[in-house]
Amino acid sequence: MSRSSFWTQRKPVIGYWRTGQDPAVVFRLRCLKDGRDFASMGVINEQMEVRVVSRFVALPDRGAWHPSLDRPEDGAFSLNDLRIRYELRGEGVSGRRLEGDRFLLSAGSRAVLIEPQPGLFAGEPIQFELLERPGFVAVDLICYRGTEMSVSFDPPPEINIECSATLRDSAPGAGG
(Lines give C-alpha, C1' and ligand atoms only; values in the text may rest on other atoms or scores of the structure.)
Protein backbone atom coordinates (compact mmCIF):
# COMPACT_ATOMS: atom_id res chain seq x y z
CA MET A 1 0.00 0.00 0.00
CA SER A 2 1.25 3.48 -0.77
CA ARG A 3 -0.40 5.03 2.29
CA SER A 4 -1.91 3.23 5.23
CA SER A 5 -2.29 3.01 8.99
CA PHE A 6 -1.20 0.24 11.33
CA TRP A 7 -4.70 -0.68 12.48
CA THR A 8 -4.66 -4.43 13.16
CA GLN A 9 -6.71 -5.13 10.02
CA ARG A 10 -4.22 -3.29 7.78
CA LYS A 11 -1.06 -4.84 6.39
CA PRO A 12 0.76 -1.98 4.59
CA VAL A 13 3.79 -4.17 3.77
CA ILE A 14 3.41 -7.94 3.69
CA GLY A 15 5.14 -10.73 1.79
CA TYR A 16 5.17 -14.52 1.69
CA TRP A 17 7.55 -17.09 0.30
CA ARG A 18 8.07 -20.83 0.51
CA THR A 19 11.12 -22.50 2.00
CA GLY A 20 12.18 -26.13 2.40
CA GLN A 21 11.06 -25.94 6.05
CA ASP A 22 7.88 -23.86 5.73
CA PRO A 23 5.23 -23.56 2.99
CA ALA A 24 4.70 -19.85 3.82
CA VAL A 25 7.01 -17.66 5.83
CA VAL A 26 5.52 -14.21 6.43
CA PHE A 27 7.30 -10.87 6.30
CA ARG A 28 5.32 -7.96 7.75
CA LEU A 29 5.73 -4.31 8.76
CA ARG A 30 3.94 -3.21 11.96
CA CYS A 31 3.77 -0.39 14.49
CA LEU A 32 3.17 -1.52 18.07
CA LYS A 33 2.08 0.49 21.10
CA ASP A 34 2.59 -1.54 24.27
CA GLY A 35 2.70 -4.74 22.19
CA ARG A 36 -0.46 -4.15 20.12
CA ASP A 37 -0.99 -2.75 16.61
CA PHE A 38 -1.28 1.06 16.79
CA ALA A 39 -3.87 2.70 14.52
CA SER A 40 -2.65 6.28 15.10
CA MET A 41 0.65 5.72 13.31
CA GLY A 42 0.74 5.68 9.54
CA VAL A 43 3.18 4.89 6.77
CA ILE A 44 3.91 6.25 3.31
CA ASN A 45 5.57 3.60 1.11
CA GLU A 46 7.35 3.88 -2.19
CA GLN A 47 8.14 0.60 -3.93
CA MET A 48 10.82 0.20 -6.59
CA GLU A 49 10.91 -3.41 -7.80
CA VAL A 50 12.00 -5.48 -4.73
CA ARG A 51 12.71 -2.46 -2.47
CA VAL A 52 10.19 -0.56 -0.33
CA VAL A 53 11.13 2.73 1.29
CA SER A 54 8.84 3.68 4.19
CA ARG A 55 8.33 6.99 5.97
CA PHE A 56 6.33 6.97 9.19
CA VAL A 57 3.79 9.64 10.20
CA ALA A 58 1.38 10.39 13.04
CA LEU A 59 -2.33 10.17 12.21
CA PRO A 60 -4.28 12.63 14.40
CA ASP A 61 -7.90 12.08 15.45
CA ARG A 62 -7.64 8.28 15.58
CA GLY A 63 -7.72 5.64 18.26
CA ALA A 64 -5.03 3.35 19.60
CA TRP A 65 -6.35 -0.07 18.54
CA HIS A 66 -9.12 1.06 16.16
CA PRO A 67 -9.29 4.08 13.84
CA SER A 68 -12.43 5.51 15.50
CA LEU A 69 -13.71 3.46 18.45
CA ASP A 70 -11.12 4.35 21.11
CA ARG A 71 -10.05 7.91 20.29
CA PRO A 72 -8.78 9.82 23.32
CA GLU A 73 -10.67 13.11 23.74
CA ASP A 74 -7.45 15.09 24.15
CA GLY A 75 -5.56 13.23 21.39
CA ALA A 76 -2.94 11.95 23.88
CA PHE A 77 -1.95 8.32 24.39
CA SER A 78 -0.34 6.84 27.48
CA LEU A 79 2.40 4.40 26.55
CA ASN A 80 5.36 2.49 27.92
CA ASP A 81 6.60 1.23 24.57
CA LEU A 82 6.23 2.38 20.96
CA ARG A 83 8.09 0.67 18.14
CA ILE A 84 8.05 0.00 14.42
CA ARG A 85 8.67 -3.66 13.66
CA TYR A 86 9.90 -5.47 10.55
CA GLU A 87 9.17 -9.12 11.33
CA LEU A 88 9.66 -12.49 9.67
CA ARG A 89 7.72 -15.50 10.97
CA GLY A 90 8.09 -19.15 10.04
CA GLU A 91 10.15 -22.29 10.52
CA GLY A 92 13.89 -21.74 10.20
CA VAL A 93 13.90 -17.92 10.15
CA SER A 94 17.03 -16.13 11.32
CA GLY A 95 18.42 -12.63 11.63
CA ARG A 96 21.73 -10.88 11.94
CA ARG A 97 23.01 -7.38 12.42
CA LEU A 98 25.31 -6.10 9.68
CA GLU A 99 27.67 -3.13 9.64
CA GLY A 100 26.19 0.32 9.84
CA ASP A 101 22.90 -0.52 11.62
CA ARG A 102 21.67 -2.73 8.78
CA PHE A 103 19.95 -6.06 9.38
CA LEU A 104 19.25 -9.22 7.40
CA LEU A 105 16.14 -11.33 8.10
CA SER A 106 16.45 -14.71 6.33
CA ALA A 107 14.37 -17.78 5.53
CA GLY A 108 15.42 -20.41 3.02
CA SER A 109 17.00 -18.88 -0.09
CA ARG A 110 15.49 -15.40 0.50
CA ALA A 111 16.21 -12.57 2.90
CA VAL A 112 15.02 -9.05 3.57
CA LEU A 113 17.68 -6.38 4.06
CA ILE A 114 16.42 -3.78 6.56
CA GLU A 115 18.17 -0.40 6.41
CA PRO A 116 16.83 2.05 9.01
CA GLN A 117 18.03 5.64 8.89
CA PRO A 118 18.90 7.60 12.03
CA GLY A 119 15.61 9.13 13.12
CA LEU A 120 13.67 11.00 15.76
CA PHE A 121 10.43 10.47 17.63
CA ALA A 122 9.16 13.37 19.78
CA GLY A 123 12.62 14.92 19.50
CA GLU A 124 14.47 11.84 20.80
CA PRO A 125 16.66 9.50 18.69
CA ILE A 126 15.21 6.11 17.85
CA GLN A 127 17.11 2.92 18.69
CA PHE A 128 17.43 -0.31 16.68
CA GLU A 129 17.13 -3.81 18.09
CA LEU A 130 17.24 -7.35 16.65
CA LEU A 131 14.86 -9.85 18.30
CA GLU A 132 15.01 -13.63 17.79
CA ARG A 133 12.80 -16.44 19.08
CA PRO A 134 11.98 -19.81 17.55
CA GLY A 135 9.90 -19.15 14.43
CA PHE A 136 10.25 -15.36 14.77
CA VAL A 137 12.85 -12.71 14.02
CA ALA A 138 12.38 -8.95 13.94
CA VAL A 139 14.10 -5.61 13.66
CA ASP A 140 12.53 -3.01 15.92
CA LEU A 141 12.89 0.73 15.46
CA ILE A 142 12.23 1.77 19.05
CA CYS A 143 10.55 5.15 19.33
CA TYR A 144 10.09 4.98 23.10
CA ARG A 145 10.63 2.40 25.83
CA GLY A 146 10.46 3.25 29.52
CA THR A 147 8.17 4.51 32.25
CA GLU A 148 4.64 5.43 31.24
CA MET A 149 4.37 8.74 29.44
CA SER A 150 1.69 10.62 27.56
CA VAL A 151 2.22 11.56 23.90
CA SER A 152 -0.19 13.83 22.04
CA PHE A 153 -0.99 12.95 18.44
CA ASP A 154 -3.20 16.03 18.07
CA PRO A 155 -1.07 17.98 17.32
CA PRO A 156 1.35 15.20 16.37
CA PRO A 157 4.82 14.81 17.83
CA GLU A 158 7.91 15.41 15.72
CA ILE A 159 8.48 12.21 13.74
CA ASN A 160 11.39 11.73 11.35
CA ILE A 161 11.68 7.99 10.74
CA GLU A 162 12.54 6.30 7.44
CA CYS A 163 13.59 2.76 6.62
CA SER A 164 13.95 0.55 3.57
CA ALA A 165 13.32 -3.17 3.11
CA THR A 166 14.83 -5.01 0.13
CA LEU A 167 14.07 -8.61 -0.84
CA ARG A 168 17.22 -10.45 -1.90
CA ASP A 169 18.96 -13.83 -2.04
CA SER A 170 20.23 -15.04 1.31
CA ALA A 171 23.20 -16.93 -0.14
CA PRO A 172 26.44 -16.73 1.87
CA GLY A 173 28.04 -13.36 1.30
CA ALA A 174 24.78 -11.77 0.11
CA GLY A 175 24.43 -9.85 3.38
CA GLY A 176 27.29 -7.50 2.49
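Take the overall build of the protein next. Each helix and strand counted, the protein has zero helices and 15 strands in total. On C-alpha atoms alone, the protein measures out to a radius of gyration of 16 Å, which is about the 16 Å that the 2.2 N^0.38 rule sets for 176 residues. Seen through its principal axes, the protein has C-alpha atoms that stretch 50 × 30 × 30 Å. Per-residue burial for the protein yields a buried fraction of 49% across its 176 residues. Put simply, of all contacts in the protein between residues at least 6 apart along the chain, 67% involve residues at least 24 apart. Surface summary for the protein: the accessible area is close to 8900 Å², and the carbon and sulfur share equals 46%. Taken as two groups, the 22 positive and 24 negative side-chain charges of the protein have centres that lie 5 Å from each other.

Residues Phe27, Tyr86, Ile114 and Phe121 are the most contacted members of the largest nonpolar core, which totals 40 residues. Elements represented by at least two residues in this core include exactly strand E3 (25-33), strand E5 (41-48), strand E6 (51-58), strand E7 (76-89), strand E9 (102-107), strand E10 (110-116), strand E14 (136-152) and strand E15 (159-169).

Residues with a pLDDT of 70 or more make up 96% of the protein, whose mean pLDDT is 92. Averaged pLDDT values for the elements of the protein fall to 87 in strand E1 (residues 3-5) and rise to 98 in E10.

Moving on: the pattern of salt bridges. Under the counting rule described, the total for this entry stands at 13 salt bridges. Three or more residues joined by partner-sharing salt bridges are found here, namely Asp81, Arg83, Arg85, Glu129, Asp140 and Arg145.

What follows is about the pairing of E7. Among the 14 residues in E7, 11 count as buried, and that is most of the element. The sheet contact formed by E3 and E7 spans eight bridges and is antiparallel. Considered in E7, the bridge of phenylalanine 27 is made with leucine 88. One ladder, built from 13 bridges, connects E7 with E14; its direction is antiparallel. Looking at the pairing, leucine 79 lines up with methionine 149 of E14.

Reading guide: rules and limits
- Residues numbered from 1 in each chain as written.
- Predicted model: local features only at pLDDT ≥ 70, side-chain atom pairs only at ≥ 80, totals over all residues.
- Heavy atoms only, no water.
- Helix = DSSP H or I, 4+ residues; strand = E, 2+ residues; numbered from the N terminus.
- Rg over C-alpha atoms; globule rule 2.2 N^0.38 Å.
- Buried < 20%, exposed > 50% of the residue type's maximum accessible area, 1.4 Å probe, protein only.
- Contact = heavy atoms within 4.5 Å.
- Areas by Shrake-Rupley, 256 points an atom, 1.4 Å probe, with all protein chains shown as cover.
- Lys, Arg positive; Asp, Glu negative; His and termini not counted.
- Charge placed at Lys NZ, Arg CZ, Asp CG, Glu CD.
- Core = buried A, V, L, I, M, F, W, Y, C linked by side-chain atoms within 4.5 Å.
- pLDDT = per-residue confidence, 0-100.
- Salt bridge = Lys/Arg side-chain N within 4 Å of Asp/Glu carboxyl O.
- Pairing = 2+ DSSP bridges.

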